[in-house]
Each structure stands twice: as C-alpha cells, then as structure tokens.
Amino acid sequence: MSIQTLNTWVDVPEGSDFSIYNLPYGIFSTNGDQPRAGVAIGTQILDLNYLQENDLLTSVDLHEGIFKKEVLNDFMALGKPVWSSLRKRLLELLDETDEELKPHAEKAFVKQSIAKMHLPVKVGDYTDFYSSEEHATNVGIMFRGKDNALMPNWKHIPVGYHGRSSSIIVSGEPFHRPQGQILPKDADRPVFGPTNLLDIELEMAFITGGATKLGETVSTENAEDYIFGMVLFNDWSARDIQKWEYVPLGPFLGKSFASSISPWIVTMDVLQYFKVDGPKQNPEVLPYLNFEGKKSYDINLEVYLKPQGGEEQKICSSNHKYLYWNMAQQLAHQTVNGCNINAGDMYGSGTISGKEPDSYGSLLELTWAGNNPIQLNDGSERKFLKDHDTIVIKGYCENDEIRIGFGEVRTEILPAKQ
Ligand code: CA
C-alpha cells in the first residue's frame, strides 16, 4: 500500500518512533494534575483535552470532556469512523501548512520527558493466546519430547485462556517477585516461597474498541474494525509455580501477578501500512477461521536485559509476523461461541518466537530451560531473572517510506515482599 507523504511543522528527531504517521494514544499527567489523553509526536505529547477545550476539534463528533479522563475507553467505544476522523483532523493541525494550532503550541504540547504516563485503558477482560508455532513447539519439546511437541488441537484452534486484568501494569511500574507453591525436584510435597524461575514472555496485545452483544459473533472479515490498536506486552511468568499448578485447569497464580504494557496505543490506521502474509496454515482451518488477504503485521520486536547498575543488553530479536494465528482469527475464535467483547478488552498474542534461537521470546526457550545460560556483559549469567533486573521490550515498523514505533515497556523486578 503506498503511503501519502506527510510533512509536519513539529520537530521530530530522525528515527523517532513517534513520526507524524504514527500518532499513538496515551494517558498522561504532569505535576500530579488531572490525567488526560494525548498523542505522541517526536519528543512531545499533543494534549487532546486542550485541543477540545480550545475548539480545535469541533469537526469531529466527540462529546465534551471525552479526553479529560483517566482512560481512553469512552473514546475507543465511539468506533472506527470517529477514530479515523480524529486522526484526519490531527493530521491537518500538524501539517506543515497549518496556521490554527501553531499559535497554541506553547500550551497544546507537553514534553514527554516531564510527563507521567498512566495505564491508558481500563481492561475489562484479558485473553492470553498461544499463537506462535515456534514457541508452542519449543515448550512442547521441553515438556513432552519432540514427537508430541504440538498438541493435536493446536493447528485447528487459536489456543488461549482467560487471564487476569487487575494486575496489568504500565511501563515504569515495578513489581515484587511473586511467591507461591513450588514442588522441589524429586519431592512429593510442595513448599512455599519466592519463585526461582521468573521469566518474561515477549508478546504484543491488541485492544478492542468496538463492543458486541451477547450472542453475536465477529467474522475474520470484519474483526479488524473492532480493533483500536496495539501495545507491547510482557506477560511475566513464574515457571515453577506454573508447572505445579497448571494441571488440569491451566495457568493461574504463576501468571496472574503482573503483565506489563507500553503506554502508547499504536492504531490500526497506521499499522495497516505494515500488513504482510503470515505463515501458510496447514491443515486447512474450519470455515469460521478462514480469511482473505494480508492479516499479519511486520513489527520488529527486541528484548533487552539490564542488570542492576549494568548496561542494557539485547537478548532477543523477533517479529509479530511469525505468529501462526493472526488477530482476525483470534477475535473470530474468541466470539464464535457468542461471547461478547467490550471496548478496552485486551488480547495477548502469546509468546512470539521465531525459528532462530536468538528470536525466542522467553528465557525458558533462550536458555533452553536453564541449560544454556545467557552471558551478560558484566560477567554474570542468567538462566532466569534476578531481583533488580530490568527488562525492556521495544517494537517498531519500518519500510522504504516510513518508520513508526511503540516506544518501550520497561519493568524492574523488586525482591519478594517480606
Ligand atoms: Ca502469555
């Protein structure tokens, strides 16, 4: 898809994630004042509430005060035509020929460096899919051996489970190492204590804007009309707690203690420029999971580990396009039984691993269950995460014409609470 060239009067540093094409939404505050909605551009935030209060958004069908809120849910619920008309209006105001916004520049923009970013949505429901064939295969090999790596259902169902939404946190917010029941090696009774196998899961999440009524379904054809945008997602895991608890009902406390997201929601309006074909699906899927056209997205993903007092070191490079099941199939599957969705619901992709060992999206795979520790530049090594380690996930899309990015999700691990 060819892209119309955009030029803005706002200063955007070369290589910025937040180019004029991007305009991702977030919730920010300054000096502890009212959290409100903004879009990121270059090193600044354009204050949407300021724009509305100063009659710069009257051409868009918005109710009063919609951006003077702690979350974006009400705006997202207005639906795709409103999202698109606001984007069009913002592009007018930021265009190099603009004379309307320029006189307001001093008050309409806030430096990202002095803003505090908040969780941008109230997440009602959170689904965690398991859609990377490479990840599911790697974990299957470790747990069940090579011959039974993929379960018989895996290529027929976008496997998922319902996760915990109350513990979704935003970049910059640390969490304490979780504690729970662990079965020591060769023991027949569990002990209670801090997890020894704290892991990352490199994922992305999409957030629905539109809602459906109970009993309605969403097809793969119109699924993307319900998706507002995407964020980076680190779905932390305590592998030892998980291993002891997961039979027969699946993940529980080994997963529910925290999941971290990046603060800026990148919209499908810009991600459409990075659509690509996904992996070929074989065997053929059931009709409700069939789709036409490109439904995968070329999003480069990187994971960095920073030990306490040390430097950030890249430990993984992956890509969203490796996922076997695409978001349209995930949403069609989620709703095929008549389950309703709401604005602000979040859907994790599942750990995104590629074919190469340096593209594996978890420490479980990168170290092959701790057998091949990662060597860090400070001389230490990691099988799993230590207290005060910081994990940073970054994501960006790039082609010959434009570059956009997701910023980052950065999280420090604090020691277990005493
Ligand atoms: Ca997950």
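Residues numbered from 1 in each chain as written. Predicted model: local features only at pLDDT ≥ 70, side-chain atom pairs only at ≥ 80, totals over all residues. Heavy atoms only, no water.

Student: Any chance you could explain the overall build of the protein chain here in plain terms?
Tutor: Counting its secondary structure elements, the protein chain contains 9 helices and 26 strands. Relative to the globule expectation of 22 Å for 418 residues, the C-alpha radius of gyration of the protein chain, 22 Å, shows essentially globular dimensions. Here the C-alpha coordinates of the protein chain stretch approximately 70 × 55 × 40 Å along the principal axes. The buried share among the 418 residues of the protein chain stands at 54%. (Helix = DSSP H or I, 4+ residues; strand = E, 2+ residues; numbered from the N terminus. Rg over C-alpha atoms; globule rule 2.2 N^0.38 Å. Buried < 20%, exposed > 50% of the residue type's maximum accessible area, 1.4 Å probe, protein only.)

Student: Looking at this model, I keep getting lost on the side chain of Asp47. Mind explaining?
Tutor: As for its placement among the helices and strands, Asp47 is situated in strand β3 (residues 44–47). Side-chain polar atoms of Asp47 contact the side chain of Arg36, separated by 2.8 Å. Leaving out residues up to four positions away in the same chain, Asp47 has contacts with Phe28, Arg36, Ala37 and Ala108. (Polar contact = N/O pair within 3.5 Å; in protein donor to acceptor, adjacent residues only side chain to side chain. Contact = heavy atoms within 4.5 Å.)

Student: What am I meant to see in the environment of Thr30 here?
Tutor: Among the secondary structure elements, Thr30 is positioned in the loop between β1 (25–29) and β2 (36–41). For Thr30, a relative accessible area of 9% gives the class buried. Considered as a pair, Thr30 and Lys116 are 86 residues apart in the sequence and their alpha carbons are 6.1 Å apart. Those residues within four positions of Thr30 in sequence are excluded, and the remaining contacts are Arg36, Val110, Ile114 and Ala115.

Student: Explanation requested: a nonpolar patch on the surface in the structure shown.
Tutor: The grouping of Phe143, Tyr246 and Val247 at the surface amounts to a nonpolar patch, some 310 Å² of accessible area in total. Within the element layout of this structure, Val247 appears in the loop between α6 (239–245) and β16 (259–261). (Patch = residues over 30% accessible without salt bridge, like charges linked within 9 Å, V, L, I, M, F, W, Y side chains within 5 Å. Areas by Shrake-Rupley, 256 points an atom, 1.4 Å probe, with all protein chains shown as cover. Salt bridge = Lys/Arg side-chain N within 4 Å of Asp/Glu carboxyl O.)

Student: Would you explain the state of the cysteines in this entry?
Tutor: By definition, a disulfide links two cysteine residues through a covalent bond between their sulfur atoms. One pass over the structure, following the stated rule, counts 0 disulfides. In this structure Cys316 is not part of a disulfide, and its nearest cysteine sulfur, from Cys397, lies 16 Å away. Taking relative accessible area as the criterion, Cys316 reaches 2% and is therefore assigned buried. (Disulfide = S-S within 2.5 Å.)

Student: Could you clarify how one ought to interpret the pairing of strand β26 (residues 403–414) in this entry?
Tutor: Regular strands place their side chains on alternate faces of the sheet. The pairing of strand β9 (residues 175–176) with β26 spans 2 bridges and is classified as parallel. Bridging across to β26, Phe175 finds its partner in Ile413. Bridging between strand β25 (residues 390–398) and β26 involves 8 bridges; their strand directions are antiparallel. Within the sheet, the bridge partner assigned to Tyr396 lies in β26 and is Gly405. Turn length for the β25-β26 hairpin, with the two strands adjacent in sequence and antiparallel, is 4 residues. (Pairing = 2+ DSSP bridges.)

Student: Explain the pattern of salt bridges here, please?
Tutor: Should their charged atoms come close, side chains of opposite charge can pair. Under the definition given, this model contains 23 salt bridges. Its salt-bridge partner being Asp17, residue Arg403 comes within 2.6 Å of it at the nearest N-O pair. In this pair, Arg403 is assigned in strand β26 and Asp17 in the segment before β1, connecting sequence segments 386 residues apart. Since its relative accessible area comes to 22%, Arg403 is described here as partly exposed. A relative accessible area of 18% places Asp17 in the buried class.

Student: Just to check I follow, could you spell out helix α5 (residues 133–144) for this structure?
Tutor: Since one α-helical turn is 3.6 residues long, residues separated by three or four positions face the same way. For α5, which comprises 12 residues, the first-to-last C-alpha distance of 15 Å matches the rise-based estimate of 16 Å (1.5 Å per residue) to within 8%. Looking at α5, one finds that the buried residues are Glu134, His135, Ala136, Asn138, Val139 and Gly140. Elements that come into contact with the buried residues of α5 comprise α9 (363–366). The first or second residue beyond α5 is Gly145, which carries a positive phi of 90°. (Expected span 1.5 Å × (residues − 1).)

Student: So what exactly am I meant to see when it comes to the coordination of the calcium ion here?
Tutor: Geometry sets the ideal angles at a metal, namely 109.5 degrees for four tetrahedral donors and 90 or 180 degrees for six octahedral donors. Taken together, Asp128 (OD), Asp128 (OD), Glu201 (OE), Glu203 (OE) and Asp235 (OD) make up the full set of protein donors to the calcium ion, lying 2.1 to 2.8 Å away. Read in sequence order, the donor residues for the calcium ion give the motif D-x72-E-x1-E-x31-D. Placement of the pair is Glu203 in strand β13 (residues 202–208) and Asp235 in the loop between β14 (227–234) and β15 (237–238), with a sequence separation of 32 residues. Taking relative accessible area as the criterion, Glu203 reaches 0% and is therefore assigned buried. (Donors = N, O, S within 2.8 Å, 3.2 Å for Na, K, Ca; no water.)

Student: Whenever I open this one, the sheet that holds β26 confuses me. Can you help?
Tutor: Strand pairing within a sheet occurs via backbone hydrogen bonds; the two strands may be parallel or antiparallel. On the basis of which strands lie adjacent, the open sheet formed by 5 strands has the order β9-β26-β25-β20-β21 and mixed pairing. In this open sheet, the two strands that pair with only one neighbour each are β9 and β21 (313–319).

Student: Help me out: how do you make sense of the layout of surface pockets in this one?
Tutor: Considering only enclosed or pocket space, the largest pocket measures out at about 1200 Å³ in volume. Along the wall of the largest pocket there are 38 residues; nearest its centre are Val139, Phe143, Gln242, Lys243 and Tyr246. For the lining of the largest pocket, the secondary-structure elements that each account for two or more residues are β6 (126–129), α5, β7 (160–162) and α6. Counting residues per element, the lining of the largest pocket draws most heavily on α5, which supplies 6 residues. Of the residues contributing to the lining of the largest pocket, the split by class is 22 nonpolar, 7 polar and 9 charged. (1 Å grid on protein atoms, 1.4 Å probe; cavity = no way out; pocket = protein on both sides within 12 Å on 5 of 7 lines; lining within 4 Å. Points joined across faces, edges and corners; volume = space filled by probe spheres on them. Nonpolar A, V, L, I, M, F, W, Y, C, P; charged D, E, K, R; others polar.)

Student: When you look at the nonpolar core in this model, what are you seeing that I'm missing?
Tutor: As a rule of thumb, nonpolar side chains are buried together in soluble globular proteins. Membership of the largest hydrophobic core comes to 98 residues, with the highest contact counts inside it found for Leu51, Phe75, Leu90 and Leu271. Tallying contributions element by element places helix α3 (residues 80–94) first for this core, with 7 residues. Composition of this core by domain shows at least three residues from each of domain 1 (25–118) and domain 2 (126–414). Among all residues touching Leu51, those that are not within four sequence positions of it are Leu46, Leu56, Leu57, Leu90, Leu93, Leu101 and Ala108. Among the nonpolar cores identified, the runner-up in size contains 8 residues, and Phe28, Val110, Ala115 and Met117 belong to it. (Core = buried A, V, L, I, M, F, W, Y, C linked by side-chain atoms within 4.5 Å. Domains from an automatic or database assignment.)

Student: Can you walk me through the domain arrangement of the protein chain in this structure?
Tutor: Bring the parts together and some accessible area is lost; that lost area is often taken as the interface size. Annotation of the protein chain at the domain level lists domain 1 (25–118) and domain 2 (126–414). Between domain 1 and domain 2, the C-alpha centre-to-centre distance is 30 Å. Listed by partner, the interface residues are 17 residues for domain 1 and 17 residues for domain 2. For the pair domain 1 and domain 2, the two sides together bury roughly 1400 Å², of which 68% comes from carbon and sulfur. Looking at the side of domain 1 facing domain 2, the largest losses of area belong to Tyr25, Met76 and Trp83, adding up to 41% of the total buried there. Along the contact surface separating domain 1 from domain 2 lie 1 salt bridge. Note that Asp225 is salt-bridged to Lys80, the shortest N-O span being 3.3 Å. (Buried area = accessible area lost by both parts, 1.4 Å probe.)

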